[in-house]
Amino acid sequence: MLDFLNRIPDLLDRRVPDSGRLLLVAGAVMLAVSIFLPLWQIHLVAPQYQEGLDLYIHSHKLEAGNEGQDLTEINNLNHYIGMAPIEEEDFAEMTFIPFLLGAFSLLALRAAFFGTVKSVVDTLVLFVYFGAFSMWRFYYQLYTYAHNLDPRAPMDIEPFTPILIGWKKIANFTQYSFPREGSALLLLTVLCFAGAIWMAVRQDHAAYEEESEPESATA
Amino acid sequence: MQHVKLLFLAVLTLGLVGCGSGSSSSNSNDGAPASYVPPGEKDDYYLFYSGGHSGQVFVAGMPSLREIQTVPVFTPSPGHGYGFSKKSKEMMGEYRWGDVHHPGLSKTDGTYDGRWLFVNDNANNRVARISLRDFRTKQILGPIPNSMGNHGSSFVTPNTEYLLVATRFSVPLPKGSHAPVETYQENFNGIVSGVDIDQETGEMSVGWQVKTPPFNWDLGSTGKGPSDGWAFWTSYNTEMAHDSLEINASQRDRDFAAFVNWERAEEVVQNQDVNTRNGVPLIDPAEHEGVMYFVPVSKSPHGIDASPSGRWIVASGKLQPTTTVFDFEQVKTAIENEDFQGEFRGVPVLNYDSIVEGEVPVGQGPLHTQYDGEGNAYTSLFIESAVAKWSLPPWDEETKQDMSQAVTDKINVHYNIGHLVIPGSDTKEPYGDWLVAMNKLKKDRGLSVGPEMPETSQLIDISGEEMEMIEEDYTAPEPHFAQAVPADVIDPIEVYKQENNDHPEARWEPENTGVTRNGDQVTVHMISKRSQYYPDKVEVEQGDEVTFHLTNIEQVSDMIHGFGIAEHNMNGVVAPGETKTFTITADKAGVYPFYCTNFCSALHQEMQGYLEVKPQ
Ligand SMILES: [Cu+2]
């Protein structure tokens, strides 16, 4: 293991094999496509809303089911517990996240062009940071909405945190929250990056094995 | 790698959610009748009952027979805000009721298309159109000029070109002129009318009328296939009696049916000089050949129904125990050959023997016939309180010798059946699985509710060889006839979309609402939503005429808000996305609460405001 760590500096300068570079191009494409797909969905079900109310979070917009009507309905209902209306304007990141995703797509292409492990690792680290930050930011917004309840609201309920992933019962509603196609593509992109690095590692290892074979023969 | 882990978890969750959302609707209803529709499940058919002198249409599900909705047509209904809004008041005119007898569904190419339901008003000579998109009355046409007692409708042609209408009563024409009743035979006339339907909007207008002798026209139907372009009506009182009709109109062994070629009538009006009366082209059939023929039918007939193929025209004489089958192919031949047995007031009478295919001894008091599309006919027997099932032609030789062999089954109903309905019976493709018997009396059939009892509807399974009584329900007074259509033919809207609201006074934002005054005319632009009115205070002066334009800005299904004003005889009920206008006169000083009358939310009770009427 230590041996492996020792070899990292060497590894970073190694070249990604051509099949790995193809993976990086695929990752770049998926990143670009994810801009146009929903990343997350919140689905609310109650006895009188068996068909459910839906919110779709895209990188650049907030979309609601029933031709947008579900958002009005969610806000109508939230008004009873004193929650501020959910509005797209509150999601400032929606103005720049699409560009960030575009930038990551370019970075992935750049890594594919130069083909060094270092450039892939840089992109991957930045991208994972970006992903984690986005998730936290999303969580923080859900938290803020549900914790700043108007004390004059007709219905008094304990501030709560909507669930980020999974399901949760809130009053008469069950809230389901789960990632959608866009997030799946982002996950696949991470796997592409990791795959490209792995190929470089394996190639390195194979070369190392080849080199060391005569030595071990003499030992 | 936190991000990756989260995403993995997410994918798992997605899978779980996907698994959990399946619904199972398997149910074993051992012992439950075939009409049983479990809670939460839906019926297969919409059933539209005429509401008789209630002036309404009742909508039920079939096979459950559960009532779903009342559609007010000729009678105010505060529960629907109908008869209170400006538009519905205007549509109803001065009348407060109607007598709805025969609902008719619109058709395209001889099958139901789910666009409209037409109903007639026997009392005030009107027809109405209900849109099946929102189950609301859209137009009331009438009183129809020259027409008195609109009983013989609403019969819809195969492509909804016309709604055909015949008068029950005869009066001196033009309507409003006087002649002594003793001069009935000379001075009184009946009418059949073609009500033109605009294919785009459904707008109805009277296209033409045909003058008839003063018979009492009864029921009708429209042709199809070989009889396309024709309409058929029965009549009673060919005696042309004017008093004690019970006796005097039941003397002749045969009365007349009218076979009217509506395509020819349309042509006559388009190409020839036809006198108009009260603005409607009025055809004298003695002057225009080919428009109308008389056919002798058995005594005092009621129903006349064209079979799905359009070849067999079946008329039932209620005072004779037979139902007569005419062959329309022979009718065409007889007309071509001028095979007439005489004429009546210039209208040829077709030779009965040349066009009759057979008389089927169905039983006592035959009224009305429906078809299952499998070659079977079902005739209601009023006197016998039964339904007879019999075979349409072609009949074998043995049956022709003994027509009683055509009758294959009979079932008792409770009691005194009038009409019956099989879904699609008047189309070219009936759905022959159920039959509903609409019975006039219900004594002893359920808990007593005093002297005024509802009618019964009985559901009969006709899918097998033998008819089987499955279910019974009580129907509000008084269904005369019904139409039934598969649920998937109808595609109702559930909200009026904001972009489709074309009311010029609609408002969608609280800041655009308010009260404006012009002399003593006060206009209020108001919106309603859960659980508030904007504005919720309206100040006026005593004597003002106050017009409310109320927009329900909700855009979700079933979120109706009412608007009842205490002591002002007003309940506006506004559906999601709709704007309604209503007017009151604020003639009493004081403060009057207005409130939401249609339960809308947890804070429905708090949804109220005040109308302040300042004394002069
Ligand atoms: Cu309300």
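Predicted model only: the values in this text are computed from it and were never measured.

Within chain B, the secondary structure is distributed over eight helices and 43 strands. By the compact-globule yardstick of 25 Å for 616 residues, chain B fits well, its C-alpha radius of gyration being 28 Å. The 616 residues of chain B split such that 58% are buried. Taking the contacts inside chain B whose residues are at least 6 apart along the sequence as the reference set, 60% of them involve residues at least 24 apart. Per element, the accessible surface of chain B, about 25300 Å² overall, is 47% carbon and sulfur. In chain B, the 44 positive side-chain charges and the 86 negative ones have mean positions that sit 6 Å from each other.

Before going further, it helps to spend a moment on the coordination of the copper ion. All names here are of chain B. The copper ion binds to the protein through His 561 (ND1), Cys 596 (SG), Cys 600 (SG) and Met 607 (SD), with metal-donor distances spanning 2.1 to 2.6 Å. Motif for the copper ion, donor spacing along one chain: H-x34-C-x3-C-x6-M. Of this pair, His 561 sits in strand β39 (residues 561-565) while Met 607 sits in the loop between β42 (590-595) and β43 (608-614), placing them 46 residues apart in sequence. By the burial criterion, His 561 is buried, and Met 607 matches it.

Turning our eyes to something else, we now look at the sheet that holds strand β27 (residues 386-391) of chain B. Residues and elements named next belong to chain B. With antiparallel pairing, the four strands of this open sheet are ordered in space as β25-β26-β27-β28. With partners counted over all chains shown, the strands left at the sheet margins are β25 (366-371) and β28 (407-412), one partner each. Across this sheet, the average inter-strand angle for adjacent strands is 20°, counted without regard to direction. With four bridges connecting them, β25 and strand β26 (residues 376-381) associate as antiparallel partners. Within β26, the position partnered with Gln 370 by the bridge is Tyr 378.

Residue and element names in this part refer to chain B. Here the structure, examined in full by the defined rule, presents 42 aromatic pairs over all chains. Linked through ring pairs, Trp 230, Phe 232, Phe 259, Tyr 293, Phe 326, Phe 328, Phe 340 and Tyr 352 together constitute an aromatic cluster. Lying across the ring of Tyr 236, Lys 318 places its NZ or CZ 5.1 Å from the centre. Of note, Lys 442 hangs over the ring of Tyr 474, and the distance from its end group to the ring centre comes to 5.4 Å.

On to the environment of Ser 457 of chain B. Residue and element names in this part refer to chain B. Structurally, Ser 457 is set in strand β31 (residues 455-461). Sequence spacing of Ser 457 and Asn 439 is 18 residues, and the spatial spacing of their C-alpha atoms is 6.1 Å. Polar side-chain contacts of Ser 457 include one of 2.8 Å to the side chain of Tyr 49.

All names here are of chain B. Most of strand β9 (residues 162-167) sits out of view: six of its six residues are buried. Pairing of β9 with strand β11 (residues 188-197), which is carried by five bridges, proceeds in the antiparallel orientation. The residue of β11 that forms the bridge with Tyr 162 is Asp 196.

In this section: the pairing of strand β5 (residues 173-179) of chain A. Residues and elements named next belong to chain A. Most of β5 is tucked away: six of the seven residues are buried. The sheet contact formed by strand β4 (residues 166-170) and β5 spans five bridges and is antiparallel. Its bridge partner lying in β5, Trp 167 is registered against Tyr 176. Linking two consecutive strands that pair antiparallel, namely β4 and β5, is a turn of two residues; a positive phi of about 50° is found at Ala 171 within it.

All names here are of chain A. Here helix α4 (residues 97-114) crosses helix α5 (residues 117-147) at 160°, and the two axes come no closer than 9 Å. With respect to α5, the axis of α4 lies roughly antiparallel. Note on packing geometry: the crossing formed by α4 with α5 is left-handed. Between α4 and α5, the residues in contact are Ile 97, Leu 100, Leu 101, Phe 104, Leu 107, Ala 108, Arg 110 and Ala 111 and Ser 119, Val 120, Thr 123, Leu 126, Phe 127, Phe 130 and Ser 134, respectively. Per-class residue counts for the contact of α4 with α5 are eleven nonpolar, three polar and one charged.

Another aspect to go through is the confidence of the model for chain A. With 89% of its residues at a pLDDT of 70 or more, chain A shows a mean pLDDT of 86. Per-element averaging of pLDDT across chain A places helix α1 (residues 2-12) of chain A at the bottom with 69 and strand β1 (residues 38-46) of chain A at the top with 95.

The rules behind each value
- Residues numbered from 1 in each chain as written.
- Chains lettered and ligands numbered in written order.
- Predicted model: local features only at pLDDT ≥ 70, side-chain atom pairs only at ≥ 80, totals over all residues.
- Heavy atoms only, no water.
- Helix = DSSP H or I, 4+ residues; strand = E, 2+ residues; numbered from the N terminus.
- Rg over C-alpha atoms; globule rule 2.2 N^0.38 Å.
- Buried < 20%, exposed > 50% of the residue type's maximum accessible area, 1.4 Å probe, protein only.
- Contact = heavy atoms within 4.5 Å.
- Areas by Shrake-Rupley, 256 points an atom, 1.4 Å probe, with all protein chains shown as cover.
- Lys, Arg positive; Asp, Glu negative; His and termini not counted.
- Charge placed at Lys NZ, Arg CZ, Asp CG, Glu CD.
- Donors = N, O, S within 2.8 Å, 3.2 Å for Na, K, Ca; no water.
- Pairing = 2+ DSSP bridges.
- Axes fitted to C-alpha atoms, helices over the stretch in contact; angles between N-to-C directions.
- Phe/Tyr/Trp six-rings, centres within 6.5 Å; stacked < 30°, edge-to-face > 60°.
- Lys NZ or Arg CZ within 6 Å of the ring centre and 35° of its normal.
- Polar contact = N/O pair within 3.5 Å; in protein donor to acceptor, adjacent residues only side chain to side chain.
- Parallel < 35°, antiparallel > 145°, perpendicular 65-115°, else oblique.
- Left-handed = near helix turned anticlockwise from the far one by under 90°.
- Nonpolar A, V, L, I, M, F, W, Y, C, P; charged D, E, K, R; others polar.
- pLDDT = per-residue confidence, 0-100.

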